[in-house]
Amino acid sequence: VLYFLHFNAGGSSAIENTEDPIEDKTAAQTAQDVKITKAHGEAIIVYVNIDTLFEKYHFYKDVSSSVEQNLMAMENGFKARVQKYQMDLNEYMEKAQAGLIPKETAEGIEQKLMKEKASIENDEKLIEARQEKEGKRLEKVQRKLYEFFKAFTAKNNYSCVLTYTAKGEGALGINDDLDVTKQVVG
């Protein structure tokens, strides 16, 4: 196969051809090479600044803020319990190694520490479950947005609504005339 490719390509090996065909083209030339398809006539695509939408969408702000506060409060409480447990454990270890704790007292402290550790492990599982529950609350917001934009595109005869952020995520290089953010949040 290599023999055929080498001699069929007019003396230059197909393997040696490492030239990047896009490198020498302008953006306009590259865009001309892209095949365009139309599903149902001419597509009308617009975009929305998602940062602005979330800033103005009070339901999203309320749910997002509530989710953050709930999770932060749980995590802070959990971290405080873990730190206290770690301090109690370290204190016990130091005193036990120094022989400052009688054997009977040590057994009671060890049982208490083991119960606390089990409780912390249980709380960790509860936090994970709570995070999942709070994530579902945010999914409801996403579903509401999806339903809104589905109706919005149908009402305005748009084919698609893209999103972008100030960070440059999502749609790039789109004509500003296609921005319908004010129409959506207004």
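1. Quick look at unusual backbone geometry
Positive phi outside glycine occurs at Asn157, with the angle close to 60 degrees. Structurally, Asn157 can be placed in the loop between helix 5 (103-155) and strand 2 (160-164).

2. A look at the packing of aromatic side chains
Scanning the model with the defined rule gives five aromatic pairs in all. Taking 5.0 Å as the distance between ring centres and 70 degrees as the angle between the ring planes, the aromatic pair formed by Tyr47 and Tyr164 counts as edge-to-face. One end of the pair, Tyr47, is in strand 1 (residues 45-49); the other, Tyr164, is in strand 2, with 117 residues separating them in the sequence. With centroids separated by 5.7 Å and ring planes inclined at 50 degrees, the aromatic side chains of Phe152 and Tyr158 adopt a geometry described as tilted. Summarising the burial analysis for this pair, Phe152 and Tyr158 share the class buried. Among the aromatic residues, those joined into a cluster by ring pairs are Phe148, Phe149, Phe152 and Tyr158.

3. So, the nonpolar core
Val48, Leu53, Leu145, Phe149, Phe152, Val180 and Val184 are the most contacted members of the largest nonpolar core, which has 16 residues in total. For this core, the elements supplying multiple residues, two or more each, are strand 1, helix 3 (50-56), helix 4 (58-97) and helix 5. The contacts of Leu53, once residues within four sequence positions are left out, are Val48, Leu145, Phe149, Val184 and Val185. Listed in part, the eight residues of the second largest apolar core include Phe78, Tyr85, Ala106 and Ile120.

What counts as what
- Here the residue index of a chain counts from 1 through its sequence in written order.
- Reporting of local features is limited, given that this is a predicted model, to residues whose pLDDT is at least 70; pairs of side-chain atoms are given and counted only at 80 or more, and all residues count toward the totals for whole chains, interfaces and linings.
- Working from all heavy atoms in the structure, the side-chain values ignore hydrogens and water.
- Helix and strand assignments follow DSSP, with helices taken as H or I runs no shorter than four residues and strands as E runs no shorter than two, numbered in order from the N terminus.
- Working definition: a ring pair exists when centres of Phe, Tyr or Trp rings (six-membered ring for Trp) sit within 6.5 Å. Plane angles under 30 degrees give stacked, over 60 give edge-to-face, the rest tilted.
- Accessibility here uses a 1.4 Å probe with only protein chains present; expressed as a share of the type maximum, an area under 20% marks a residue as buried, one over 50% as exposed, and anything in between as partly exposed.
- Each nonpolar core is a collection of buried residues, namely Ala, Val, Leu, Ile, Met, Phe, Trp, Tyr and Cys, held together in the definition by side-chain atoms within 4.5 Å.
- Any two residues whose heavy atoms approach within 4.5 Å are treated as being in contact.

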